[in-house]
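These are the residues of each chain, in order.
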Amino acid sequence: MEDIVRQDEATLRAEASRLDHEHVADVVERLNQHDPETIAALLAGLSDERVVEILDLPEFEDSAEVIANLPRDRVARIIAGMSADRATDLLAEFEEPLRSQLIARLDPETRSAVSRLAAYPEGSAGSIMTTEFVSVPSTWTVAQTLKHIRAVEKSRETIYTICVLDPATHALVQAVSLRRLIAAELDANVLSAGRHRRPITVEPRTDREAVAQLFSKYDLLAVPVVDERFHVVGIVTVDDVIDTIFAESTEDVQKFGGMEALDEPYMDISFLKMMRKRAGWLCALFIGEMLTATAMQHFEHELERAIVLTLFIPLIMSSGGNSGSQAT
């Protein structure tokens, strides 16, 4: 038995070593093929930084169940290292009292950021934004700004958009792209790298679909989220918007197919939950079919005189798409 345990441990260490050198997207794809206990054992052999990279990808499945198998102190360190928006989503998956225990172990800054993000309604810009962004006062030069970016880049989700703030009021003055900043003169004011127009912003309660439309319209990499005083409370990045587009598209397709949107993978959802998702739609279709049958009874004599018309009934019903086929 001991030999088997040592062999399994050696296999896990070898697998963890391979995962440590692969692209994080490939790592997530491979981990999703294992059960949560095995994944937790593999993550135990990786550094905190590597685990944070993995958990920060929304494609990673069963995140909460996986890290629940790790030591609580390490889980707190990992959550603190994650982007604020992903950490908030992850904590929301835990049940009480575990959620409160983990939040209590977080440092004050992370705990405050998670609490603020959790307060915004689901589907709003505030719920998908991150509070980790680069901001500098409008009195700085381009050289000072670039030096600051190099100093903080590891702790920021993105550095491609820099928020330039009024040094007195801390209100947003301009949003400068890193591309224009690199091309500007080093001794010039940071505002010289801007486009000298009012920055494109959204409010925390703006619907995420409207935010996605802004990204598409203006070809943005990030958009600042501002409050009523024009203070930046966070930014929405393009990867968050891509996730939103996929989620909304999936929901629309599921509704088009005659069911409520599923909140978990199709192959993982239970039979009873699937029935609850479809029951309302199928009842509505059944009622519609009864009305159709009533109408056909009303024209029964006409159908008897031209029996060939009945051949077109299935074709007409199927032309209604998925709902017509289900009603048939």
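Residues numbered from 1 in each chain as written. Predicted model: local features only at pLDDT ≥ 70, side-chain atom pairs only at ≥ 80, totals over all residues. Heavy atoms only, no water.

## Some thoughts on the overall build of the chain
Then step 1. Counting its regular elements, the chain contains 18 helices and five strands.
Then step 2. Buried residues in the chain amount to 36% of all 328 residues.
Then step 3. Once local pairs closer than 6 in sequence are excluded, the contacts in the chain between residues at least 24 apart make up 57%.
Then step 4. Approximately 19,700 Å² of the chain is accessible, and the part contributed by carbon and sulfur atoms is 57%. (Helix = DSSP H or I, 4+ residues; strand = E, 2+ residues; numbered from the N terminus. Buried < 20%, exposed > 50% of the residue type's maximum accessible area, 1.4 Å probe, protein only. Contact = heavy atoms within 4.5 Å. Areas by Shrake-Rupley, 256 points an atom, 1.4 Å probe, with all protein chains shown as cover.)

## Details of helix H7 (residues 84–92)
Then step 1. Taking burial as the measure, the nine residues of H7 include seven buried ones, the bulk of the element.
Then step 2. Considered for burial, the residues of H7 that qualify are Ala84, Asp85, Arg86, Ala87, Thr88, Leu90 and Leu91.

## Quick word on the pattern of salt bridges
Then step 1. Under the criterion given, the structure shown has six salt bridges.
Then step 2. Residue Arg50 is joined to Glu53 by a salt bridge in which the shortest nitrogen-to-oxygen separation is 3.3 Å. Placement of the pair is Arg50 and Glu53 together in helix H4 (residues 48–55), with a separation of three residues, close to one helical turn.
Then step 3. You can call Glu53 partly exposed: its relative accessible area is 40%.
Then step 4. For Arg99, the salt bridge identified is with Glu96, shortest N-O distance 3.3 Å.
Then step 5. On the basis of relative accessible area, Arg99 is assigned to the partly exposed category, the value being 25%.
Then step 6. Here the residues in one salt-bridge network are Asp48, Arg74 and Arg77, joined through shared partners. (Salt bridge = Lys/Arg side-chain N within 4 Å of Asp/Glu carboxyl O.)

## Structural notes on the packing of H4 against helix H6 (residues 72–81)
Then step 1. Taken N-terminus to C-terminus, the directions of H4 and H6 make an angle of 60°; their axes are 9 Å apart at the nearest point. When the axis of H4 is compared with that of H6, the two are oblique. Regarding H4 and H6, the two cross each other, and that crossing is right-handed. Residues Asp48, Val51, Val52 and Leu55 of H4 form the contact with H6, whose own contacting residues are Arg74, Arg77, Ile78 and Gly81. (Axes fitted to C-alpha atoms, helices over the stretch in contact; angles between N-to-C directions. Parallel < 35°, antiparallel > 145°, perpendicular 65-115°, else oblique. Left-handed = near helix turned anticlockwise from the far one by under 90°.)

## Side note on the sheet that holds strand S1 (residues 134–137)
Backbone-to-backbone hydrogen bonds join strands into a sheet, with any given pair of strands oriented parallel or antiparallel.
Then step 1. Reading across the sheet, the three strands line up as S1-S2-S3 and stay open at both edges, with mixed pairing between neighbours. Both edges of this open sheet fall to S1 and strand S3 (172–177), since each of them pairs with a single strand only. Across the sheet, the mean angle from the axis of one strand to that of its neighbour is 30°, orientation sign disregarded.
Then step 2. Sheet topology places S1 next to strand S2 (residues 161–165); four bridges connect them, and they run parallel. Looking at S2, one finds that Pro137 is bridged to Leu165. (Pairing = 2+ DSSP bridges.)

## Here we look at the pairing of strand S4 (residues 222–226)
Then step 1. Counting buried positions along S4 yields five of five residues, so the element is predominantly enclosed.
Then step 2. Across the two faces of S4 the burial is the same, with Ala222, Pro224 and Val226 and Val223 and Val225 all buried.
Then step 3. What sits between S4 and strand S5 (residues 232–237) in their antiparallel hairpin is a turn of five residues, with Phe230 showing a positive phi close to 65°.

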